[in-house]
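Single-letter residue listing:
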Amino acid sequence: MNTKNVPLDYSNSLMYELEKAFWDERGKGARFRMTKVGTEYFNEKVMPLLQSKEIEDILGKIKGVLQTEGITEDISYNREERLLKIGVKGCIHRSVEERMLGKGIEPFTCIPANLFVLAIEEKLDIPVELAEIKVEEGACQLLLVLFEKRPSLD
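Given the structure is predicted, the values throughout are model-derived calculations rather than measurements. (Residues numbered from 1 in each chain as written. Predicted model: local features only at pLDDT ≥ 70, side-chain atom pairs only at ≥ 80, totals over all residues. Heavy atoms only, no water.)

### Observations concerning the overall build of the chain
Cut-off, in case you're wondering: Comment: elements are numbered from the N terminus, with helices defined as DSSP H or I runs of at least four residues and strands as E runs of at least two. Atoms counted for the radius of gyration: C-alpha only. Globule rule: 2.2 Å times the number of residues to the power 0.38.
A tally of helices and strands in the chain yields five helices and four strands. Helices (α) and strands (β) of the chain occur, in sequence order from the N terminus, as α-α-α-β-β-α-α-β-β. Here the chain has a C-alpha radius of gyration of 16 Å; the compact-globule value for 154 residues is 15 Å, and the two agree. Judged by the C-alpha coordinates and their principal axes, the chain covers about 45 × 35 × 30 Å.

### Overview of unusual backbone geometry
One can expect most non-glycine residues to show negative phi and most peptide bonds to be in trans. To keep things clear, this is the line we draw: Buried means the residue's accessible area, taken with a 1.4 Å probe over protein chains only, is under 20% of the maximum for its type, while exposed means over 50%, and partly exposed covers the values in between.
One non-glycine residue, E81, adopts positive backbone phi at about 55°. Positionally, E81 belongs in the loop between β1 (74-80) and β2 (83-89). The residue D125 is not glycine, and still its phi comes out positive at about 55°. Inspection of the secondary structure puts D125 in the loop between α5 (111-124) and β3 (128-136). A relative accessible area of 38% means that D125 is categorised as partly exposed.

### Things to note about the state of the cysteines
Working definition: the covalent bond between the sulfur atoms of two cysteines is a disulfide. Threshold: The definition used for a disulfide is geometric: two cysteine sulfur atoms within 2.5 Å.
Counted under the stated rule, the structure contains zero disulfides. Note on C91: no disulfide assigned, nearest cysteine sulfur contributed by C110 at a separation of 6.0 Å. Owing to a relative accessible area of 11%, C110 belongs among the buried residues under this scheme.

Function cannot be read off these values alone, since they describe shape.
In structure tokens form, the structure reads like this:
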């Protein structure tokens, strides 16, 4: 097995090209097909750490993983009822979003956001939607909407 590290610019370039091709094929519908990207990473790195069903604990664990793994420099978050606002600084994938914006395409997927969505849906059993990604100076701003608990027959 090759243990050589793949350069980040190479990985991000491939990620950009895949996202762009998917956008060209599906347009805005691509957004709803990208929400599970990162599931294998989530299951391996994040899920084993999630012991609590408290949202603050869940958010803190994901923040810790993203920082420890060197994916982001910092994460901030603020919850206002059903809205969860997340600030992501120093993300290694920011260049992908900047290239998409350069082509006139609003960002429609974010791996760190997907990890938050996957964790909340898995641990709290409530649907979550990534409503917005804003690429701003110094950070990306994410807006997640947390819906009511899923209905059950119990």
